[in-house]
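Architecture and fold: a report
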Amino acid sequence: MKLKSTSHFCLRSVLRASLLTGVLLVAGCQTDLYSGLTEVEANQMLAVLVANGIPTDKAAAGKEGFNLRVDERDMLKAIAVLKDHGYPRNTRDSIGKVFQKSGIMSSPFEERVRYIYALGEDVAQTISSIDGVITARVHIVLPDTPQLGQPVRPSSAAVFIKHQPGIDLDFLVPQIRRLVSSSIEGLEYSAVTVVLTEARPTRSVAAASESNGTVEVLPGLSVRDTDQKRFWMLIGGGVLLMLVLLGANLATYLSFSGKRAKRPAEGTAGALVEPS
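Residues numbered from 1 in each chain as written. Predicted model: local features only at pLDDT ≥ 70, side-chain atom pairs only at ≥ 80, totals over all residues. Heavy atoms only, no water.

**Things to note about the overall build of the protein**
- Along the protein, the regular secondary structure elements total eight helices and eight strands.
- The proportion of buried residues among the 276 residues of the protein is 26%.
- Counted over contacts in the protein with a minimum sequence separation of 6, partners at least 24 positions apart contribute 62%.
- Only carbon and sulfur atoms are counted for the fraction: they give 60% of the accessible area of the protein, which is about 18,600 Å². (Helix = DSSP H or I, 4+ residues; strand = E, 2+ residues; numbered from the N terminus. Buried < 20%, exposed > 50% of the residue type's maximum accessible area, 1.4 Å probe, protein only. Contact = heavy atoms within 4.5 Å. Areas by Shrake-Rupley, 256 points an atom, 1.4 Å probe, with all protein chains shown as cover.)

What follows is the structure, encoded as structure tokens:
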């Protein structure tokens, strides 16, 4: 019974050691990709990365938001993929935030500038919600009210849109112009200019990370240069696990052999002291 308990104890110790080694090896390869993200943005970025075959972990960081963690080998590829999809998104100030009460008096000119800026940010935020749009900017020109006898200068707006490669947004240009003209008072449909540009994919960066040179670590076995450290860590963990198993088996064998050798000796001593 004692031998069986010793074997179970050794087995539990081996399992704990192997589990701890695996956890340390995995944890040492993870690194933060982005931190301080909102839950919505973190989920969107997580979906993009997983859809592109990049394993990603999302972890809550308390009041600081959420963090995304990826393998060190996938760092450059993850950044390139997110950049191609327009992440992380630029934070925009809403009209409510720009015009929040601060207790400080502002001049009419400052109030006008802030109004135009906030209005453009809100319209750009709406355009950014269109599928395939990476980023959008709206520049609004609202002339001052003309004085008596001066001609009226019309308002105008310029819309810049960067979209993902391979996505055709030309058919949406009329709807975008109508959206902008309807969102800004006094702006005519014909005074809205829309410029579309296709984003240049950063696949070259990801390809460079995939085509790293290889190093021969053992005769006939080569790994990528970036994986060399991880390979030796795995080898070291395997050797350590084998040593622990060997030590456990040796201890069990010695304990069992000692008990078998002790039993005959006790029987012989008992036979010698028997009375004649």
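**Brief notes about the packing of helix 5 (residues 108-128) against helix 6 (residues 173-183)**
- Taken N-terminus to C-terminus, the directions of helix 5 and helix 6 make an angle of 150°; their axes are 11 Å apart at the nearest point. Considering the angle they form, helix 5 stands roughly antiparallel to helix 6. Crossing handedness for the pair helix 5 and helix 6: right-handed. Here Leu119, Val123, Thr126 and Ile127 of helix 5 come into contact with helix 6, specifically with Ile176, Leu179, Val180 and Ser183.
- Looking at the contact of helix 5 with helix 6 residue by residue, the class counts come to six nonpolar, two polar and no charged. (Axes fitted to C-alpha atoms, helices over the stretch in contact; angles between N-to-C directions. Parallel < 35°, antiparallel > 145°, perpendicular 65-115°, else oblique. Left-handed = near helix turned anticlockwise from the far one by under 90°. Nonpolar A, V, L, I, M, F, W, Y, C, P; charged D, E, K, R; others polar.)

**Remarks on the environment of tyrosine 189**
- Looking at where tyrosine 189 falls in the secondary structure, it is placed in the loop between helix 6 and strand 6 (192-198).
- Residues contacting tyrosine 189, with those up to four places away along its chain left out, are Pro174, Arg177, Arg178 and Ser181.

**Quick notes on the nonpolar core**
- Of all hydrophobic cores here, the largest spans 22 residues; its most connected members are Ile127, Val159, Ile161, Ile176 and Val180.
- The element that contributes the greatest number of residues to this core is helix 5, accounting for five residues.
- What isoleucine 127 contacts, discounting residues up to four positions off in sequence, is Val133, Ala136, Val138, Val159, Ile161, Ile176, Leu179 and Val180.
- If you look at the next biggest cluster of nonpolar residues, it comprises 15 residues, including Leu33, Leu49, Leu68 and Met75. (Core = buried A, V, L, I, M, F, W, Y, C linked by side-chain atoms within 4.5 Å.)

**Re the confidence of the model for the protein**
- Mean pLDDT over the protein: 75, with 66% of residues reaching 70 or higher.
- Here helix 7 (residues 203-210) stands out as the least confident element of the protein, with mean pLDDT 45; helix 6 is the most confident, with 94.
- Predicted confidence is poor over residues 204-211, with pLDDT under 50, and the contacts of this stretch with residues over four places away or in other chains come to eight contacts. (pLDDT = per-residue confidence, 0-100.)

**A few points about the sheet that holds strand 4 (residues 133-141)**
- Across the sheet, which stays open at both edges, the three strands sit in the order 4-5-6 with mixed pairing between neighbours. Looking at strand neighbours, the two that pair on one side only are strand 4 and strand 6, the edges of this open sheet. In this sheet, adjacent strand axes meet at a mean angle of 15° when their direction is disregarded.
- Of the pairings in the sheet, the one linking strand 4 to strand 5 (residues 156-163) comprises eight bridges and is antiparallel in character. Paired with valine 138 across the strands is valine 159, a residue of strand 5.
- Set on the sheet, helix 5 makes contact with strand 4 and strand 5; between it and strand 4 the angle comes to about 150°. (Pairing = 2+ DSSP bridges.)

**Some thoughts on the pattern of salt bridges**
- In the structure shown here, the tally under the stated rule is three salt bridges.
- Note that aspartate 32 is salt-bridged to arginine 69, the shortest N-O span being 2.7 Å. Remark: arginine 69 occurs in strand 3 (residues 66-71) and aspartate 32 occurs in strand 1 (residues 30-37); sequence separation between them is 37 residues.
- Residues arginine 114 and glutamate 111 are paired through a salt bridge, measuring 3.3 Å at the closest nitrogen-oxygen approach. Pair noted here: arginine 114 and glutamate 111 are both in helix 5, with a separation of three residues, about one helical turn.
- Looking at arginine 114, the relative accessible area reads 24%, which means it is partly exposed.
- Residue glutamate 111 is classed as partly exposed on the basis of its relative accessible area of 29%. (Salt bridge = Lys/Arg side-chain N within 4 Å of Asp/Glu carboxyl O.)

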